[in-house]
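Listed below are the residues making up each chain.
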Amino acid sequence: MARVLVAAGLAATALSALPGAASAKPISSILFVNPLPQYPAWRLIGDCLAAKAKELGIPETEAGPTDGTLNTTQMFTQIQQGIANNAGAIITFPASDGFVPILQQAKAADIMVGTLYGAAGTEAASDVNVGANFTTVGEIFAASIAEREGPQNVGLMIQGPSGPGKAFLDGFTAAAEKSGNVKVIAVVSTNDDASKALDQANALLTAHPEINVIASHMGSATQGAVSAIKQRDLVGKVVMVANGAAGGGKEGLTDGTVHRLMMQDLCNAGGQVVDGLVRQSKGEGVPKQVDVGVRMFGAEGIEDYIAKGWQ
């Protein structure tokens, strides 16, 4: 039995029927614009999304940035191509407010829109949004850090000033102010680019040597933050609170560089966004917002959850 150290109040929401849903045409095809198709967590989501589409008999294709970064310009181009090709549904991660107009354009063209981890207003452009509420995730991170003894001086690494990054920052900051021992010292952004994480972690630790916790809602930040802690010989003095087992998160729990890591039911998220859109296309009422399981883990018990598709 897994020992769960901090549990979120984000139990998976069943896609139960709700009254009053309008009917729509069947979904002819799905385009998934994957923000980081080479990153393990998003690769898992993409694979599970494709499996669900195949199970339901819907042709599915995947596009996404090919340079290993969250290239929103390329994502916009691929969404526009999906609109031009009259896709039945487009699914993506709305990484910033800039996604709202183009997703609204898709809906105006009678294309269904599903979003994964839309936050801070971006989810308004979708028919179904699946994923953790990042404001709540920020609160969960702060609560986990507050369990540590003494002052917790935190450097936050976020995606950017809007979307999930803003939602996470708002939730974390509000919870930190109420904690009594957690203080946000500085905030840096990486645009979810793993290649920038080491430099940004070093920048935090150089400018603010009082920092004893680095926290991020992005799995892409873990490897860089952990490397900075090790390179500066700060193991045991500075810890990372991370998102996901990949990128050194699981190993960090063992070597002392990671205090806690958040894991989510990512495979289920990929399946639920497809299922939600299909049920809407049949005129069934479904929740617009579907949260997936979110938990904070220590070193014990995570293997069982990884085997179930959590990351």
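Treat the numbers as computed from the prediction; the structure is a model and nothing was measured. Throughout this document, residue positions are counted from 1 along each chain, in the order its sequence is written. The model is predicted, so local features are restricted to residues of pLDDT at least 70 and side-chain atom pairs to those at 80 or more, both for listing and for counting; the totals for chains, interfaces and linings are taken over all residues. In computing side-chain values, all of the structure's heavy atoms are included and hydrogens and water are not.

Enquirer: Help me understand the confidence of the model for the protein chain in this model?
Expert: Low pLDDT means the predicted atomic positions in that stretch should not be read closely. With 92% of its residues at a pLDDT of at least 70, the protein chain reaches an overall mean of 89. Every residue in residues 1-23 scores below 50 in pLDDT, and together they form 59 contacts with partners more than four places removed in sequence or on other chains. Along the chain, pLDDT gives the predictor's confidence residue by residue, from 0 to 100. Pairs of residues are marked as contacts when any of their non-hydrogen atoms sit within 4.5 Å.

Enquirer: For this particular structure, what's the right way to read the layout of surface pockets?
Expert: In this approach, a probe sized like a water molecule rolls over the atoms, and the result shows the empty space that is left. Quantified by volume, the largest pocket comes out at close to 200 Å³. Every definition here rests on a 1 Å grid over the protein atoms only: cavities are sets of points where a 1.4 Å probe fits but cannot get out, pockets are open sets enclosed by protein on both sides within 12 Å along at least five of seven lines, and lining residues have some atom within 4 Å of a point. Around the largest pocket, the lining residues are L36, Q38, Y39, G68, D192, A194, L198, G219, S220, Q223, G224 and G247. Looking at the lining of the largest pocket, the elements that each hand over two or more residues are α6 (194-207) and α7 (222-231). Three residue categories are used. Nonpolar comprises Ala, Val, Leu, Ile, Met, Phe, Trp, Tyr, Cys and Pro, charged comprises Asp, Glu, Lys and Arg, and polar comprises the others, including Gly. The residue inventory of the lining of the largest pocket, partitioned by class, reads four nonpolar, seven polar and one charged. Grid points are joined across faces, edges and corners, and a volume is the space filled by probe spheres set on the points. Only DSSP runs of H or I reaching four residues or more are called helices, and only runs of E reaching two or more are called strands; each is numbered from the N terminus.

Enquirer: Sorry if this is basic, but what is going on with the pattern of salt bridges here?
Expert: Any two side chains of opposite charge can pair if their charged atoms end up close together. Think of a salt bridge as a Lys or Arg side-chain nitrogen and an Asp or Glu carboxyl oxygen that are within 4 Å of each other. This model, assessed by the stated rule, comprises eight salt bridges. A salt bridge links R43 to D47; its shortest N-O distance comes to 3.0 Å. A residue pair is termed a helical-turn pair when its members lie 3 or 4 positions apart in one helix, as R43 and D47 do in helix α1 (residues 40-55) at four residues. Residue classification places R43 among the partly exposed residues on the basis of a relative accessible area of 26%. You can call D47 partly exposed: its relative accessible area is 44%. The partner of E284 in a salt bridge is R279, with the nearest N and O atoms 2.7 Å apart. Burial classification: accessible surface area is computed with a 1.4 Å probe over protein chains only, and a residue below 20% of its type maximum counts as buried, one above 50% as exposed, and the rest as partly exposed. On the accessibility criterion, E284 (29% relative accessible area) is partly exposed. A network of salt bridges, in which partner residues are shared, links R43, D47 and E62.

Enquirer: Would you take a moment to explain empty space enclosed by the protein for this structure?
Expert: Inspection of the entire model under this criterion finds one cavity of 30 Å³ or more. The volume enclosed by the largest cavity comes to roughly 290 Å³. A per-element tally of the lining of the largest cavity places α1 first, with three residues. Looking at the lining of the largest cavity residue by residue, the classes come out as 13 nonpolar, eight polar and one charged.

Enquirer: In this structure, what is going on with α7? I would like to understand it.
Expert: Along an α-helix, residues three or four positions apart point the same way, because every turn accommodates 3.6 residues. Within the span of α7, buried status applies to T222, G224, A225, V226, A228 and I229. Buried residues belonging to α7 abut β7 (152-158), α6, β9 (213-216), β10 (239-243), α8 (249-255) and β11 (258-264). The first or second residue beyond α7 is D233, which carries a positive phi of 55 degrees.

Enquirer: Would you explain the state of the cysteines in this entry?
Expert: Among covalent bonds in proteins, the disulfide is the one between the sulfur atoms of two cysteines. The definition used for a disulfide is geometric: two cysteine sulfur atoms within 2.5 Å. For the structure on display, the rule yields one disulfide. The disulfide partner of C48 is C267, and the gap between their sulfur atoms is 2.0 Å. Disulfide C48-C267: the torsion about the S-S bond is -100 degrees, which places it as left-handed. With a gap of 219 residues between them, C48 in helix α1 and C267 in helix α9 (residues 266-281) connect regions that are remote in the sequence.

Enquirer: Would you explain the packing of aromatic side chains in this entry?
Expert: A pair of aromatic rings is counted whenever rings of Phe, Tyr or Trp (Trp by its six-membered ring) have centres within 6.5 Å, and the orientation is called stacked for planes under 30 degrees apart, edge-to-face for over 60 and tilted otherwise. Summed over all chains, the structure comprises eight aromatic pairs. Through a chain of ring-to-ring contacts, the aromatic side chains of W42, F93, Y117 and F134 assemble into a single cluster. The ring of Y305 carries K308 above its face, with NZ or CZ at 4.9 Å from the centroid. Whether a charge sits over a ring depends on NZ of Lys or CZ of Arg being within 6 Å of the ring centre and within 35 degrees of the ring normal.

Enquirer: Looking at this model, I keep getting lost on the nonpolar core. Mind explaining?
Expert: A general trend in soluble globular proteins is that nonpolar side chains are found buried together. Think of a nonpolar core as a cluster: buried Ala, Val, Leu, Ile, Met, Phe, Trp, Tyr and Cys residues, connected wherever their side-chain atoms sit within 4.5 Å. Within the largest apolar cluster, 69 residues are counted, with the highest numbers of intra-cluster contacts made by I30, I91, L116, Y117, F141 and F172. When sequence neighbours within four positions are dropped, the list of residues in contact with I30 reads L49, A53, I58, P59, E60, T61, A89, I91 and V274. Counting residues in each nonpolar core, the second largest holds 28 residues, with I229, V238, F297 and I302 among its members.

Enquirer: Help me understand unusual backbone geometry, please; the structure alone is not making it clear to me.
Expert: Most of the time, phi is negative for any residue but glycine, and the peptide bond is trans. With phi around 60 degrees, N86 is a residue other than glycine that occupies positive phi space. Take N86: it is sitting in the loop between α2 (72-84) and β4 (89-92). Overall, the relative accessible area of 47% leaves N86 in the partly exposed class. The phi dihedral of D192 is positive, around 60 degrees, even though this residue is not glycine. Secondary-structure assignment places D192 in the loop between β8 (182-189) and α6. By relative accessible area, D192 is classed as buried at 9%.

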